[in-house]
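# Descriptive structure summary
Read off the chains here:
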Amino acid sequence: METVRSTERYDLLVGGEHVPPTDGTYVETVDPATGDPVAEVAVAGESDVDRAVGAAREAFPDWRDTDPAVRGRTLFRVAERIRDHADELAAIETRDQGKPLSQARSDVLSAARYFEYYAGAADKLEGTSVPVGTGQVDFTVREPYGVSAQITPWNFPGNLFARGVAPALAAGNTAVVKPAPTTPLSSYRLAELCVDAGVPASAVNVVSGGGETGAALTGHEGVDTITFTGSVATGQRVMQAAAERVTPVTLELGGKNPAIVYPDADLDEAVAWIDRGIFTNAGQVCSAADRAIVHEDRYEAFVERIVERAESYELGPGEADPDMGPLNSEEHFERVLDYVEVGVTEGATVATGGEALERDGYFVEPTVLTDVDNGMRVAQEEIFGPVLTVIPYGDDEDPVALGNDVAYGLVAGVFTDDVRRAHRAAQRLEAGNVYVNKWFGDTNQTPFGGYKQSGIGREKGLEALDSYLQTKNVAVNLESGSGGDLPGA
Ligand code: NAD
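Residues numbered from 1 in each chain as written. Predicted model: local features only at pLDDT ≥ 70, side-chain atom pairs only at ≥ 80, totals over all residues. Heavy atoms only, no water.

### Details of the pairing of strand β10 (residues 225-229)
- The buried fraction of β10 amounts to five of the five residues, a majority that puts the element mostly inside the structure.
- On β10, burial covers both faces: Thr225, Thr227 and Thr229 on one face and Ile226 and Phe228 on the other are all buried.
- Across four bridges, the pairing between strand β7 (residues 147-151) and β10 is parallel. Its bridge partner being in β10, isoleucine 151 is matched across the sheet by phenylalanine 228.
- Summarising the sheet, β10 and strand β11 (residues 249-252) pair through four bridges and their orientation is parallel. Within β11, the position partnered with isoleucine 226 by the bridge is valine 249. (Buried < 20%, exposed > 50% of the residue type's maximum accessible area, 1.4 Å probe, protein only. Helix = DSSP H or I, 4+ residues; strand = E, 2+ residues; numbered from the N terminus. Pairing = 2+ DSSP bridges.)

Dropping the structure here:
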């Protein structure tokens, strides 16, 4: 497939063709490190979304009926293409999203892993046989839904494309992807590589645009299942749209994740993990270590060491592979700085950071807010930036209860050398993922998703396939004659 463009204008990808939007609308995306324009990207209207869904519907029966071993081999080739183009994809992601090049590269390699992992699953999507007695053969088959709508946010654009598209295709669905308006470029390139590797051209379509494009997709009658990753507020709207036609949804929403540091924790290790957990991708991570809940005996030492680390960060354009890049957009940059002010007004102390860098682009210093009470907005609301809130607790308080006292339930971490204490905390923490003595413990193979307002369903691992398969039970009568017992007899 032709991938070299003479301009930085990105059209929609429908049925394997780059097509302009019907009404000719394009928006400019910018380099978050400078604010300079990067590309003009098509905004899909309702009729464009209709075309993309139509293409995916048309491709569905053939892809569903493709020998699963062939589907698997095709997905494996996609993984190889991604690995072969890792440098190019990482450069695209860094320019569009702003993250340091090495982090973008890691996202890209993890995207390849999704395709490898689900390639291996494509021919193992087995049903079960149900022992209902000698008069009937009874078994289940697992069938794809049809067209999978994939709506992604701007923090891990290419990686989340792969997280959803790979299992959707492995299970025999086709896809229409709507990336976030500020970061669509890697999704276009990844979709091209899918087609290049042999995925039928109409089986992966990309329609860029904002909320209206997303709403046109979730409201389209040709969509059979929806995978949404983004904020709680938008997730609620997606769920309402899905309710109209009882379309299944998988929602991967936000987090406000507790990292509990017990008095017996190895403090250097805890600080190192939490530092990485909050400042990776400038804190624009749903599973960030947002809230350090630290025993009062270790509080001072913890703050001293995390501040020291935060102050050692080098910030700069992602292309130079600094420790931290800019925030993704001006709007988000303003939002994060507003949150620092909210924290100060609420009585928190800025132990370090809290300011924008005096340069172009959307850079915010790594920030540590101390003297935080769990009831404050900065402890309850997702900031989604490089802002750690540190909450002390005493012997008469239960840190797990404090950790759970929030509307979210995505991930949680505990740092302790006491194995019983770790397991007891893991049992009681209300989160889809619990890390013990580390952060970001999930891999492509482990199920990932939220309790409470952090979402519905699971991504990653074999469990993700449940979002892309429906179960059919087949009952075959072995006895002659008609009628017979009622089910309750
Ligand atoms: P967002 O909710 O603003 O947007 C997400 C996507 O939804 C974008 O593509 C957007 O254009 C689209 N959208 C907006 N309105 C829509 C509508 N009415 N119908 C359909 N689609 C619509 O989120 P964001 O600001 O892009 O991303 C940040 C959020 O994503 C954070 O809350 C973060 O925690 C969450 N997130 C969660 C995970 C996870 O796996 N749980 C991963 C990454 C990000």
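### Quick word on the domain arrangement of the chain
- Each assigned domain of the chain is listed with its residue range as follows: domain 1 (9-252 + 459-472) and domain 2 (258-436).
- Just the C-alpha atoms count here: the centres of domain 1 and domain 2 sit 31 Å apart.
- Tallying the contact residues gives 22 residues for domain 1 and 26 residues for domain 2.
- Surface buried jointly by domain 1 and domain 2 totals about 1700 Å² across both partners, of which 56% is contributed by carbon and sulfur atoms.
- If you sort the residues of domain 1 by the area they bury against domain 2, Pro32, Ala33 and Trp154 come out on top, with a joint share of 29%.
- Counting every contact that joins domain 1 to domain 2 gives ten residue pairs in polar contact (both at pLDDT 80 or more).
- Going through the elements one at a time, α3 (86-97) and α4 (101-121) are the ones with two or more residues in the side of domain 1 that touches domain 2.
- It is α3 that provides the largest number of residues to the side of domain 1 that touches domain 2, a total of four residues.
- Residue classes in the side of domain 1 that touches domain 2 are distributed as eight nonpolar, ten polar and four charged. (Domains from an automatic or database assignment. Contact = heavy atoms within 4.5 Å. Buried area = accessible area lost by both parts, 1.4 Å probe. Polar contact = N/O pair within 3.5 Å; in protein donor to acceptor, adjacent residues only side chain to side chain. Nonpolar A, V, L, I, M, F, W, Y, C, P; charged D, E, K, R; others polar.)

### Side note on the site of the ligand
- Around the ligand, 30 residues are found, and the nearest of them are Thr152, Ser231, Thr234, Leu253 and Glu382.
- Between the ligand and the protein, one listed contact pairs an oxygen atom with a side-chain N or O atom of serine 231 at 2.6 Å.
- Here the shell around the ligand is composed, by residue class, of 15 nonpolar, ten polar and five charged.
- When we break the shell around the ligand down by domain, the ones giving at least three residues each are domain 1 (9-252 + 459-472) and domain 2 (258-436). (Near = heavy atom within 4 Å.)

### What about the pattern of salt bridges?
- This model, assessed by the stated rule, comprises 22 salt bridges.
- Arginine 95 is the salt-bridge partner of glutamate 8, the closest N and O atoms lying 3.3 Å from each other. Taken together, the positions of glutamate 8 in the segment before β1 (9-10) and arginine 95 in helix α3 put the pair 87 residues apart, joining distant regions of the chain.
- The partly exposed category is assigned to glutamate 8, whose relative accessible area is 34%. (Salt bridge = Lys/Arg side-chain N within 4 Å of Asp/Glu carboxyl O.)

### Overview of the layout of surface pockets
- Of the voids in this model, the second largest pocket is the one considered here, and its volume is about 240 Å³.
- Forming the walls of the second largest pocket are Val132, Gly133, Gly135, Gln136, Ala475, Val476, Asn477, Glu479, Ser480, Gly481, Ser482 and Gly483.
- Top contributing element to the lining of the second largest pocket by residue count: strand β22 (residues 469-477), with three residues.
- Residue composition of the lining of the second largest pocket, by class: three nonpolar, eight polar and one charged. (1 Å grid on protein atoms, 1.4 Å probe; cavity = no way out; pocket = protein on both sides within 12 Å on 5 of 7 lines; lining within 4 Å. Points joined across faces, edges and corners; volume = space filled by probe spheres on them.)

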